[in-house]
Protein chains: 2
Amino acid sequence: MRLTTRGRYAVTAMLDLALHSEKRPVSVAEISERQTISLSYLEQLFASLRKAGLVDSVRGPGGGYRLVGTTDLICVADIIKAVNESIDSTNCGGKGDCQGGSICLTHNLWDDLGRQIAGFLSGISLADLVAKRDVQTIANRQVDQLLTLEDNNVRAKAC
Amino acid sequence: MRLTTRGRYAVTAMLDLALHSEKRPVSVAEISERQTISLSYLEQLFASLRKAGLVDSVRGPGGGYRLVGTTDLICVADIIKAVNESIDSTNCGGKGDCQGGSICLTHNLWDDLGRQIAGFLSGISLADLVAKRDVQTIANRQVDQLLTLEDNNVRAKAC
DNA sequence: AAGTACTTGACTATTTTAGTAGGGTATTAG
DNA sequence: CTAATACCCTACTAAAATAGTCAAGTACTT
């Protein structure tokens, strides 16, 4: 399988959404600040997430993205699949033509590994992550950091 | 984690070694032919495998590589670690400085995933793989293909 | 009406991967 | 002894993937 910052950022962004979208939709700019992820890069990821039907968007002032459905229905595997194509671990993409049209010596091993990972990531929902204490601690820290940052900016402008 | 052909080739080569090193050491050229992997590329992988102490080498005619220890003592995780650095899935390499010195929102998730994969791959030894029926079937096919190939070459030369 | 925020597509620098090339050096069969 | 065999090592390179930028839109709401 292919786990890059692309997939990691997507899960992080979705978790941010789950943590902050109680009342209003969350703008990409907010997520970009809180999670320190490039804004334009996030936009690309959300385009994929929207295509996959995991989020929907509200345009105009006060708009942003919202999760489709409740947090217990969206699992980590879905998010990674949405932006990363597949969790497959074989070289041949599961087709089994790894060695000149036939199966290679280790094909089934990688196939098993893929299933294992998929099973693990399918068993974890956004609700599970939100419920974790460390996630909440980190989320609070991120909000605090942002507030003091804005505070400093206001003071800087006042000078 | 980072699973590329590098790691896959290494496991395939080690399995080939396990299957064919009953009497003599196995040369890289043999493995290259049987598994259709570039010879020079294989040599690089074996340099890493040797450094990790998974194989030792016999030089000169009739030489080649041999496994160090029995097949039940070498697991897939060891082989991948030997050529691929780590099975870690976090972006920060497990250091926990993913977001400006602090931990990022999803760090622990990737950490858990890494442990999961490491556990799975540590539980599979070369002996386990050799014992599988499909592996033996594929190995036989590979030997047959090579024999008919050599046969054709001999005939071609005779013409 | 105007600003906010999403949408789209093209473009680029960097890194990693996979593989090549070409020179060695040690060993041993004959 | 010597020539063939097979390991050993370093540097290089083409291609792909990744991460991110830039710019010009369009839709919507206050």
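Right above here is the structure, for reference.
A brief structural summary. The structure displayed is predicted, hence computed values, not measured ones.

Looking at the nonpolar core
At step 1: With 86 residues, the main nonpolar core has M14(A), F46(A), M14(B) and F46(B) as its most contacted residues.
At step 2: The contacts of F46(B), once residues within four sequence positions are left out, are A13(B), L17(B), V28(B), I31(B), V55(B) and Y65(B).

Here we look at the pattern of salt bridges
Residues and elements named next belong to chain A.
At step 1: Tallying each qualifying case throughout the model produces 8 salt bridges over all chains.
At step 2: With its nearest N and O atoms 2.8 Å apart, the salt bridge here joins D16 to R34. Placement of the pair is D16 in helix 1 (residues 5–20) and R34 in helix 2 (residues 28–35), with a sequence separation of 18 residues. Each member of the pair, D16 as well as R34, is classed as buried.
At step 3: With a closest N to O distance of 2.6 Å, D111 and R115 form a salt bridge. Taken together, the positions of D111 and R115, both in helix 5 (residues 107–122) and 4 residues apart, correspond to about one turn of that helix.
At step 4: Because the salt bridges share partners, they merge into one network encompassing D16, E30 and R34.

Quick notes on the pairing of strand 1 (residues 55–58) of chain B
Residue and element names in this part refer to chain B.
At step 1: Sheet analysis places strand 1 next to strand 2 (residues 64–67), joined by 4 bridges and oriented antiparallel. Paired with S57 across the strands is Y65, a residue of strand 2.
At step 2: Hairpin connection from strand 1 to strand 2: 5 residues lie between these consecutive antiparallel strands, with G60 at a positive phi of about 85°.

Quick word on the protein's contact with DNA strand D
At step 1: Neighbouring DNA strand D are 27 residues; R2(A), T5(A), Q44(A), R59(A) and Y65(B) lie closest to it.
At step 2: Atoms of DNA strand D within 4 Å of the protein: sugar and phosphate make up 68%, bases the balance.
At step 3: Contact between DNA strand D and Q44(A): a base oxygen at 2.7 Å from a side-chain N or O atom of the residue.
At step 4: The separation between a phosphate oxygen of DNA strand D and a polar side-chain atom of Y65(B) is 2.5 Å.
At step 5: Considered class by class, the residues forming the surface near DNA strand D number 8 nonpolar, 13 polar and 6 charged.

Thresholds, definitions, all that
- Residues numbered from 1 in each chain as written.
- Chains lettered and ligands numbered in written order.
- Predicted model: local features only at pLDDT ≥ 70, side-chain atom pairs only at ≥ 80, totals over all residues.
- Heavy atoms only, no water.
- Core = buried A, V, L, I, M, F, W, Y, C linked by side-chain atoms within 4.5 Å.
- Buried < 20%, exposed > 50% of the residue type's maximum accessible area, 1.4 Å probe, protein only.
- Contact = heavy atoms within 4.5 Å.
- Salt bridge = Lys/Arg side-chain N within 4 Å of Asp/Glu carboxyl O.
- Helix = DSSP H or I, 4+ residues; strand = E, 2+ residues; numbered from the N terminus.
- Pairing = 2+ DSSP bridges.
- Near = heavy atom within 4 Å.
- Polar contact = N/O pair within 3.5 Å; in protein donor to acceptor, adjacent residues only side chain to side chain.
- Nonpolar A, V, L, I, M, F, W, Y, C, P; charged D, E, K, R; others polar.

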